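The primary structure of each chain is shown beneath.
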Amino acid sequence: MTTGALVCEGLVKRYGDTLAVDRLDLAVPAGSLFGLVGPNGAGKTTTLSMATGLLRPDAGRVVVDGVDVWADVVRAHRVLGVLPDGLAVLDRLRGPELVEYTGRLHGLPRAEAASRAAELLDVLDLGDAGRTLVVDYSAGMRKKVGLACALVHAPRVLVLDEPFEAVDPVSGTTIRALLRRFTADGGTVVVSSHVMALVEQLCDHVAVIVSGHVVAAGTVDEVRGGGSLEDRFVELSGGSRGLGGGLSWLASSSG
Ligand SMILES: Nc1ncnc2c1ncn2[C@@H]1O[C@H](COP(=O)(O)OP(=O)(O)OP(=O)(O)O)[C@@H](O)[C@H]1O
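So, a few notes on the structure that sits alongside this text. (Residues numbered from 1 in each chain as written. Predicted model: local features only at pLDDT ≥ 70, side-chain atom pairs only at ≥ 80, totals over all residues.)

### Considerations on the overall build of the chain
Phase 1 of the analysis: Scanning the chain from N- to C-terminus turns up 9 helices and 10 strands.
Phase 2 of the analysis: Since a compact globule built from 255 residues should have a radius of gyration of about 18 Å, the 19 Å found for the chain is in line with a globular shape.
Phase 3 of the analysis: In terms of its C-alpha atoms, the chain occupies a principal-axis envelope of roughly 60 × 60 × 40 Å.
Phase 4 of the analysis: For the chain, the share of sequence-separated contacts (at least 6 apart) that also reach a separation of at least 24 residues comes to 66%. (Helix = DSSP H or I, 4+ residues; strand = E, 2+ residues; numbered from the N terminus. Rg over C-alpha atoms; globule rule 2.2 N^0.38 Å. Contact = placed C-beta atoms within 7 Å.)

Below you can see the structure in the form of structure tokens.
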């Protein structure tokens, strides 16, 4: 079997007539900062949901840090920290309460969970939002509190769906530093993103998913092959279709 901190073998997911993930294989090396990229609808979120015990695959296997995710979801969630796409959380809690509660669910003593929550929210610049309910947070604040929840139990493998989406540049810099520190300390990070420049700057490995399977994977240098990751991405995704002479009616809005 392929080795890695997170290994997907032959993953399949079908939604009705849509084959969202089609016999997908992926091996994320331990200690890597791994980017997952692909066009809209390529199957990234579906793959990450199956890889983290949130969505049961129709076929295939996922092993995280030696744990077969779908054979033992509870154990897998001990080693995994997950920021899902869209935060289906208890958003009637305040930020510190939510992160502390998440820590408690992972078995942390109350005082430890509370102090980790305060520290994480402070680092992520949410310290001043302590009185606000998560339901009233902005999109970027929700991402950050979700990241705090993913980190509170000090997981081995972090899986983050679009962690930088809606996050301001200052917080983005903090999150990048945090993820680098996490891997320097022996953890593994998988991030999905649409921002190629960010993936090139942050990640050491990358996989490109198109139509539900991996079409290129390796170190960032291997995948971009001397050009930019963006050019390689467009090429692997089938190229831009342009406007094809359409939308001419938009011009009338200026008159
Ligand atoms: N709950 C669902 N029910 C039906 N179809 C779904 C569902 N979730 C995803 N799909 C379909 O599965 C395919 C893959 O979707 P997915 O969200 O995994 O893509 P993605 O790569 O994360 O896209 P994006 O970059 O736009 O977020 C798409 O065709 C999508 O329409």
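### Remarks on the packing of helix H3 (residues 95-105) against helix H5 (residues 139-151)
Phase 1 of the analysis: The interhelical angle for the contact between H3 and H5, taken along N-to-C directions, is 25 degrees, at an axis separation of 8 Å. Our classification of the angle between H3 and H5 gives roughly parallel. Between H3 and H5 lies a crossing of right-handed hand. Across the interface between the two elements, Gly-95, Leu-98, Val-99 and Thr-102 from H3 touch Val-145, Ala-148 and Cys-149 from H5.
Phase 2 of the analysis: Grouping the constituent residues of the contact of H3 with H5 by class yields 5 nonpolar, 2 polar and no charged. (Axes fitted to C-alpha atoms, helices over the stretch in contact; angles between N-to-C directions. Parallel < 35°, antiparallel > 145°, perpendicular 65-115°, else oblique. Left-handed = near helix turned anticlockwise from the far one by under 90°. Nonpolar A, V, L, I, M, F, W, Y, C, P; charged D, E, K, R; others polar.)

### Describing helix H6 (residues 169-184)
Phase 1 of the analysis: The end-to-end C-alpha distance of H6 is 22 Å, a good match for the 22 Å that 16 residues give at a rise of 1.5 Å each.
Phase 2 of the analysis: Among all positions of H6, only Ser-171, Ile-175, Leu-179 and Phe-182 are buried. Along the axis of H6, the buried positions cluster into a sector of 75 degrees, meaning they face one direction only. For H6, exposure combined with an orientation more than 90 degrees from the buried face picks out Pro-169, Val-170, Thr-173, Ala-177, Arg-181 and Ala-184.
Phase 3 of the analysis: Buried residues belonging to H6 abut strand S3 (33-37), H5, strand S7 (157-161), strand S8 (188-192) and helix H7 (196-202).
Phase 4 of the analysis: Positive backbone phi, approximately 105 degrees, marks Gly-186, located one or two places after H6. (Expected span 1.5 Å × (residues − 1). Buried ≥ 20, exposed ≤ 12 C-beta atoms within 10 Å, placed from the backbone. Arc of directions from axis to C-beta.)

### What about the site of the ligand?
Phase 1 of the analysis: Lining the immediate surroundings of the ligand are Tyr-15, Thr-18, Ala-20, Gly-38, Asn-40, Gly-41, Ala-42, Gly-43, Lys-44, Thr-45 and Thr-46.
Phase 2 of the analysis: At the level of elements, strand S2 (18-28) and helix H1 (44-51) are the ones that each hand at least two residues to the shell around the ligand.
Phase 3 of the analysis: Looking at the shell around the ligand element by element, the count peaks at 3 residues for H1.
Phase 4 of the analysis: Of the residues that constitute the shell around the ligand, the class distribution is 3 nonpolar, 7 polar and 1 charged. (Near = placed C-beta within 6 Å.)

### A short note on the nonpolar core
Phase 1 of the analysis: If you look at the biggest cluster of nonpolar residues, it comprises 71 residues, and the most contacted ones within it are Val-64 and Ala-148.
Phase 2 of the analysis: No other element matches H5, which puts 7 residues into this core.
Phase 3 of the analysis: With residues up to four places along the chain from it excluded, the contact list for Val-64 reads Ala-5, Leu-6, Val-69, Ala-76, Val-79, Leu-80 and Val-157. (Core = buried A, V, L, I, M, F, W, Y, C linked by C-beta atoms within 7 Å.)

### Quick look at the packing of H3 against helix H4 (residues 110-123)
Phase 1 of the analysis: Here H3 crosses H4 at 135 degrees, and the two axes come no closer than 8 Å. As summarised for this structure, H3 and H4 are arranged oblique, according to the angle between their axes. The crossing of H3 and H4 is right-handed. Contacts between H3 and H4 involve Gly-95, Pro-96, Val-99, Glu-100, Gly-103 and Arg-104 from the first element and Arg-110, Ala-113, Ala-114, Arg-116, Ala-117, Ala-118, Leu-120 and Leu-121 from the second.
Phase 2 of the analysis: Partitioned by chemical class, the residues of the contact of H3 with H4 number 8 nonpolar, 2 polar and 4 charged.

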